[in-house]
Amino acid sequence: MKIAIVGTGYVGLVTGTCFAELGLDVTCIDINEERIDQLGKGIIPIYENGLEELVKRNVNAGRLHFSTSLADSLNDVTVVFIAVGTPPDEDGSADLRSVIQVARTIGQHIDKYHLVVTKSTVPVGTSFKVRSTIEGELNKRQIEVDFDVASNPEFLKEGNAIPDFMSPDRVVVGVESEKAKAIMTRLYKPILLNKFRVIFMDIPSAEMTKYAANSMLATRISFMNDVANLCEIVGANVNMVREGIGSDMRIGRKFLYPGIGYGGSCFPKDIKALIRTAEENNYEMRVLKAVDDVNEDQKRILFDKFKEHFKGAIENKVVAIWGLSFKPETDDMREAPSLTLIDLLLESNCKLRVFDPAAMEECKRRIGDKVYYARDPYDAALDADALFLLTEWKEFRLPSWGVLEKSMTNPVVFDGRNIYDKKELTELGFVYHCIGK
Ligand SMILES: NC(=O)c1ccc[n+]([C@@H]2O[C@H](COP(=O)([O-])OP(=O)(O)OC[C@H]3O[C@@H](n4cnc5c(N)ncnc54)[C@H](O)[C@@H]3O)[C@@H](O)[C@H]2O)c1
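Residues numbered from 1 in each chain as written. Predicted model: local features only at pLDDT ≥ 70, side-chain atom pairs only at ≥ 80, totals over all residues. Heavy atoms only, no water.

Caption draft 1: Examining empty space enclosed by the protein more closely. Per the counting criterion, the structure on display carries 1 cavity of 30 Å³ or more. Thr118, Lys119, Ser120, Thr121, Val122, Ser151, Pro153, Glu207 and Lys210 are the residues that line the largest cavity. Class assignment for the residues of the lining of the largest cavity results in 2 nonpolar, 4 polar and 3 charged. (1 Å grid on protein atoms, 1.4 Å probe; cavity = no way out; pocket = protein on both sides within 12 Å on 5 of 7 lines; lining within 4 Å. Points joined across faces, edges and corners; volume = space filled by probe spheres on them. Nonpolar A, V, L, I, M, F, W, Y, C, P; charged D, E, K, R; others polar.)

Structural data, given as structure tokens:
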């Protein structure tokens, strides 16, 4: 079967490449000409573990193609996945312009049956808007073409996207016709054969499932950050509390780590979009509003600790920052807590020396030369008055504290991910600050 994937970002490129790996003939389409040009030369525009090899292998096998023209690719394929971005609008709702633009192009060019699957994260009702947009364009052309819409929200985790596709916890598919169900069953057959779950449901429920899943995960994070902040005040240790509650099977251990707030391309925008969907329907998502509030405050928690440590005298302090991406194993800095902290530190006239194993280029693209881009973690810490650990990349876990203690002006560590041992650092002469202990 031949399919097209529109949008070659984290979701589209991974989905297209993995479907090609499973044997389908896939055309990945993007309006970003530079991106398609680079992909054609084997240059992968994003950092995602294992993706480069997989793209090359499938291009060489003739199963994976790239194009800037959806119109040209359409009548060659049966299924079109929409995987374009849905960034937040000014009021927090999901901006659906790209999704609708793709639907319009589909309606303007199809001449035979297509299944149009929305993979982008979109509010309930969007797949039906996709359907009416296509119908509108077909009406303009005064022709009738049979087509179906479906919803297949994406749950991949950046950094682990390929294993997440190949061995998913579940695949959620919303359909409204037996034909669409049969096609989606065929596409996901290799996954079904391996006994992974493909859950079929109606389209609105599939769209809602994506938002509800991210909202639940974000709620756990904000809940733990709230608990951590109270732990500090009352003299409890959040790490022990986490162990204590995580061992309850009903609660589980995952997503209970306190830190500097969630970021990334999904949680912040999806939580705001669900709050907005509720408002549009005269309902208030009270829990999610609190989740969002706690997260905004948490992003500045290390800055407040830093200010308190230096009794407000932070001007001209040299600050080393380890980790810029919103989480390890990705170069993605969308809504990264590091950006909030960098802003706060620069506003206070601090001098920043930053290092990240993957996101240096992305950081340069976003903030230019306002900070010094270090060669390695030790270069970042040179003459620093404070070291901030923001992203828990593996290579930051066991640094040579002896070297750091000698090269820093002030051996003070602000650990935003609770990965270091206070006793060890204190014995080595550091002052150590973390979250919730
Ligand atoms: N990144 C994730 O971890 C993740 C996980 C699950 C779901 N999602 C959702 O998937 C969707 C895509 O996310 P992403 O992170 O891959 O986005 P992205 O910004 O990395 O990529 C989107 C791509 O779509 C292209 N595009 C935009 N309009 C287009 C058009 N009209 N025609 C063709 N291409 C177009 C852009 O040029 C870009 O390359 C979003 O709705 C997002 O919320 C993302």
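Caption draft 2: Molecular detail of the packing of helix H10 (residues 203–234) against helix H13 (residues 286–298). Where H10 meets H13, the closest approach of the two axes is 9 Å, and the angle between their N-to-C directions is 55 degrees. On the basis of their axis angle, the class for H10 and H13 is oblique. The handedness of the crossing between H10 and H13 comes out as left-handed. Of the residues in H13, those in contact with Ser215, Ala218, Thr219, Ser222, Asn225, Asp226 and Asn229 of H10 are Val287, Leu288, Val291, Val294, Asn295 and Gln298. When the residues that make up the contact of H10 with H13 are grouped by side-chain class, the tally is 5 nonpolar, 7 polar and 1 charged. (Axes fitted to C-alpha atoms, helices over the stretch in contact; angles between N-to-C directions. Helix = DSSP H or I, 4+ residues; strand = E, 2+ residues; numbered from the N terminus. Parallel < 35°, antiparallel > 145°, perpendicular 65-115°, else oblique. Left-handed = near helix turned anticlockwise from the far one by under 90°. Contact = heavy atoms within 4.5 Å.)

Caption draft 3: Region of the structure containing the pattern of salt bridges. Summed over the entire model, instances satisfying the criterion amount to 35 salt bridges. For Asp91, the salt bridge identified is with Arg276, shortest N-O distance 3.1 Å. Pair noted here: Asp91 is in the loop between strand E4 (79–82) and helix H5 (97–109) and Arg276 is in helix H12 (residues 267–280), with a separation of 185 residues, a long-range link. A relative accessible area of 42% means that Asp91 is categorised as partly exposed. Three or more residues joined by partner-sharing salt bridges are found here, namely Asp91, Arg276, Glu279, Glu280, Glu284 and Lys289. (Salt bridge = Lys/Arg side-chain N within 4 Å of Asp/Glu carboxyl O. Buried < 20%, exposed > 50% of the residue type's maximum accessible area, 1.4 Å probe, protein only.)

Caption draft 4: Local environment of the site of the ligand. Taken together, 26 residues lie near the ligand, and Val11, Asp30, Thr86, Glu158 and Lys269 sit nearest. Note that an oxygen atom of the ligand is positioned 2.6 Å from one of the side-chain N or O atoms of Asp30. Contact with the protein chains hides 88% of the accessible area of the ligand, taken as 830 Å² for the molecule alone. Secondary-structure elements contributing two or more residues to the shell around the ligand are helix H1 (10–21) and H5. Here the shell around the ligand is built from residues that sort into 9 nonpolar, 10 polar and 7 charged. Per-domain counts for the shell around the ligand show at least three residues from each of domain 1 (2–201) and domain 2 (211–298). (Near = heavy atom within 4 Å. Polar contact = N/O pair within 3.5 Å; in protein donor to acceptor, adjacent residues only side chain to side chain. Areas by Shrake-Rupley, 256 points an atom, 1.4 Å probe, with all protein chains shown as cover. Domains from an automatic or database assignment.)

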